[in-house]
Amino acid sequence: MAAFNWVLVSARCPACSEQTMIRAQTHIASSYDGDAHGRFSERAYKLGESMLWWPPTDARFDDWKEDGLPSADGSGDIEEACYAECDTCAADLCAVLRFRDV
């Protein structure tokens, strides 16, 4: 079983058309390891919020992006197609999230 986090996005649901919260499950910056703040998994982040992870000086820092794919535009961003769900109607959705950094 893989570790994951949630990214919360305020958006209009394509299934019910309500402005709501979409919860996207991401494996980016997710690990059962952790630091003094706890594990790097099962946390919820708002879109744009920094994720807890190892500091850049730690040898494990670059592992934050191992479950994503490099963006096709050559920007160095990482993308992941994520299972998602509407908080209003519980529709099963898919969201593609782009990560510029952890």
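Here, every reference points to the structure presented above.
Residues numbered from 1 in each chain as written. Predicted model: local features only at pLDDT ≥ 70, side-chain atom pairs only at ≥ 80, totals over all residues. Heavy atoms only, no water.

A few points about the pattern of salt bridges
- In total, this model carries five salt bridges according to the counting rule given.
- For Asp-58, the salt bridge identified is with Arg-60, shortest N-O distance 2.8 Å.
- Here Asp-58 falls in the buried class, since its relative accessible area comes to 19%.
- Of the residues examined, Arg-60 reaches a relative accessible area of 35% and is grouped as partly exposed.
- The salt bridge involving Glu-79 is made with Arg-98; its shortest N-O contact spans 2.8 Å. Taken as a pair, Glu-79 in strand S7 (residues 78-86) and Arg-98 in strand S8 (residues 92-99) lie far apart in primary sequence, 19 residues in all.
- Glu-79 sits in the partly exposed class, given a relative accessible area of 25%.
- Bridged by salt links that share partners, the residues Asp-73, Asp-77, Glu-79, Arg-98 and Arg-100 form one connected network. (Salt bridge = Lys/Arg side-chain N within 4 Å of Asp/Glu carboxyl O. Buried < 20%, exposed > 50% of the residue type's maximum accessible area, 1.4 Å probe, protein only. Helix = DSSP H or I, 4+ residues; strand = E, 2+ residues; numbered from the N terminus.)

A closer look at the side chain of Asn-5
- Looking at the element boundaries, Asn-5 is found in strand S1 (residues 5-12).
- A distance of 3.0 Å separates a polar atom in the side chain of Asn-5 from the backbone oxygen of Ala-29.
- Looking at Asn-5, its side chain comes within polar contact range of the main-chain oxygen of Phe-40, at 3.4 Å.
- Not counting chain neighbours up to four residues away, the residues in contact with Asn-5 comprise Ala-24, Gln-25, Thr-26, Ile-28, Ala-29, Ser-30, Phe-40, Ser-41, Glu-42, Arg-43, Tyr-45 and Met-51. (Polar contact = N/O pair within 3.5 Å; in protein donor to acceptor, adjacent residues only side chain to side chain. Contact = heavy atoms within 4.5 Å.)

Let's talk about the packing of aromatic side chains
- Following the criterion strictly, the structure yields three aromatic pairs and no others.
- Relative to Trp-6, the ring of Phe-4 lies with its centre 5.4 Å away and its plane at 85 degrees, an arrangement referred to as edge-to-face.
- Between Phe-40 and Trp-53, the aromatic rings sit 5.1 Å apart at their centres with planes inclined by 45 degrees, giving tilted as the arrangement. Of the two residues, Phe-40 is situated in strand S4 (residues 38-40) and Trp-53 in the loop between strand S5 (44-46) and strand S6 (69-70); the sequence distance between them amounts to 13 residues. Just as Phe-40 is buried, Trp-53 falls in that class too.
- Aromatic ring contacts, followed pair by pair, group Phe-40, Trp-53 and Trp-54 into a single cluster.
- Across the ring face of Trp-6, the terminal group of Arg-23 is positioned such that the distance to the ring centre comes to 4.6 Å.
- Directly above the aromatic system of Trp-54 lies the positively charged group of Arg-60, at a separation of 3.5 Å from the ring centroid. (Phe/Tyr/Trp six-rings, centres within 6.5 Å; stacked < 30°, edge-to-face > 60°. Lys NZ or Arg CZ within 6 Å of the ring centre and 35° of its normal.)

Any functional reading would require information beyond the geometric quantities listed.
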